[in-house]
Amino acid sequence: LVEALCGFSMDLTHLDGRKLLIKTTPGDIIKPMAQGFDPMAKDEGKTDWETMEDCDCPSIDNVAQADTTDVETLKRACETQLKRKGIDVGAFVVDGQRTYFKQCTREEALAAKKTKKGSNMYVLPDPDARKSFRLIKAVKDEGMPTYK
């Protein structure tokens, strides 16, 4: 408990004989890595959209539309075709027959959200939701941590 409240310092002897000083500051919270988290993974281009059933954001203008309702195809279109055209889609709405793409931020889409039966709204994920999983501690002057 004392170490948790006041911080601690520890000498660690590395396999090659170097001595590393590991210390924390008072109140510093260190969490274990999330299971399955790989900081070296290439997750670029893969977005987990948040789904909201029976919702729409009608006050936000449509920047594009599609005649398909296949969600995986629509997600890929947002990340490739529309992005190449300079359209940053923050949300899209599938109404059963068509899909409408909205150029907005997550906050704008959530503020404009209205109930609409039969429509599903897909919104960009909250960027802060998984921020605690990205914490990696490094030992000062010993370089960045690497995983093999």
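Scroll up a little and you will see the structure.
Scoring rules and cut-offs
- Residues numbered from 1 in each chain as written.
- Predicted model: local features only at pLDDT ≥ 70, side-chain atom pairs only at ≥ 80, totals over all residues.
- Heavy atoms only, no water.
- Helix = DSSP H or I, 4+ residues; strand = E, 2+ residues; numbered from the N terminus.
- Buried < 20%, exposed > 50% of the residue type's maximum accessible area, 1.4 Å probe, protein only.
- Areas by Shrake-Rupley, 256 points an atom, 1.4 Å probe, with all protein chains shown as cover.
- Contact = heavy atoms within 4.5 Å.
- Phe/Tyr/Trp six-rings, centres within 6.5 Å; stacked < 30°, edge-to-face > 60°.
- Pairing = 2+ DSSP bridges.
- Arc of directions from axis to C-beta.
- Patch = residues over 30% accessible without salt bridge, like charges linked within 9 Å, V, L, I, M, F, W, Y side chains within 5 Å.
- Salt bridge = Lys/Arg side-chain N within 4 Å of Asp/Glu carboxyl O.
- Lys, Arg positive; Asp, Glu negative; His and termini not counted.
- Charge placed at Lys NZ, Arg CZ, Asp CG, Glu CD.
- Disulfide = S-S within 2.5 Å.

K.L.:
Just give me the short version of the overall build of the chain, but keep the residues and values in it.
P.N.:
Secondary structure summary: the chain contains four helices and seven strands in total. Ordered by position from N to C terminus, the α and β elements of the chain give α-β-β-β-β-α-α-β-β-α-β. With 148 residues in all, the chain has 24% of them scored as buried. As presented, the chain carries roughly 11000 Å² of accessible surface, and 51% of it is formed by carbon and sulfur atoms.

K.L.:
Hey, could you go over the side chain of Arg106 for me, with residue numbers and the actual values?
P.N.:
On the secondary structure map, Arg106 appears in helix 4 (residues 106-111). What makes Arg106 buried here is its relative accessible area of 14%. Sequence-distant contacts of Arg106, that is, excluding residues within four places in its chain, are made with Glu50, Val123, Leu124, Pro125, Asp126 and Pro127.

K.L.:
Got a sec to walk through the packing of aromatic side chains? Specific residues and values, please.
P.N.:
The way to describe two aromatic rings as a pair is by their centre distance and the angle between their planes. Here the structure, examined in full by the defined rule, presents three aromatic pairs. Ring centres of Phe92 and Phe101 lie 5.8 Å apart, and the angle between their planes is 45°; on these two criteria the pair is classed as tilted. Here Phe92 matches Phe101 in class, with each residue buried.

K.L.:
Now, about the pairing of strand 2 (residues 19-23): what can you tell me, with residues and values included?
P.N.:
Here strand 1 (residues 9-13) pairs with strand 2 via five bridges, running antiparallel. The residue bridging Asp11 from the neighbouring strand is Leu21, located in strand 2.

K.L.:
I'd like a description of unusual backbone geometry, backed by residues and values.
P.N.:
Unusually for a residue other than glycine, Asp54 sits at a positive phi of about 55°. Tracing the backbone through its elements, the reader meets Asp54 in strand 3 (residues 50-56).

K.L.:
Tell me about helix 2 (residues 71-79), and please be specific about residues and values.
P.N.:
Three or more residues of helix 2 are buried, namely Val71, Leu74, Lys75, Ala77 and Cys78. In an axial view of helix 2, the angular spread of the buried residues amounts to 160°, which keeps them on one side of the axis. In the core, the buried residues of helix 2 are packed alongside strand 4 (62-66), helix 3 (81-84), strand 5 (91-94), strand 6 (99-102) and strand 7 (114-123).

K.L.:
Residue-level account of a negative patch on the surface, with values.
P.N.:
Taken together, Glu107, Glu108, Asp126 and Asp128 make up a surface patch of like negative charges. Looking at the element boundaries, Glu108 is found in helix 4.

K.L.:
Describe the state of the cysteines, with residues and values.
P.N.:
Tallying each qualifying case throughout the model produces zero disulfides. Between Cys57, a cysteine without a disulfide, and Cys104, which holds the nearest cysteine sulfur, the sulfur-to-sulfur distance is 5.6 Å. Its relative accessible area of 0% is what places Cys57 among the buried residues. By relative accessible area, Cys104 is classed as buried at 12%.

Treat this as a map of the structure, not an account of what it does.
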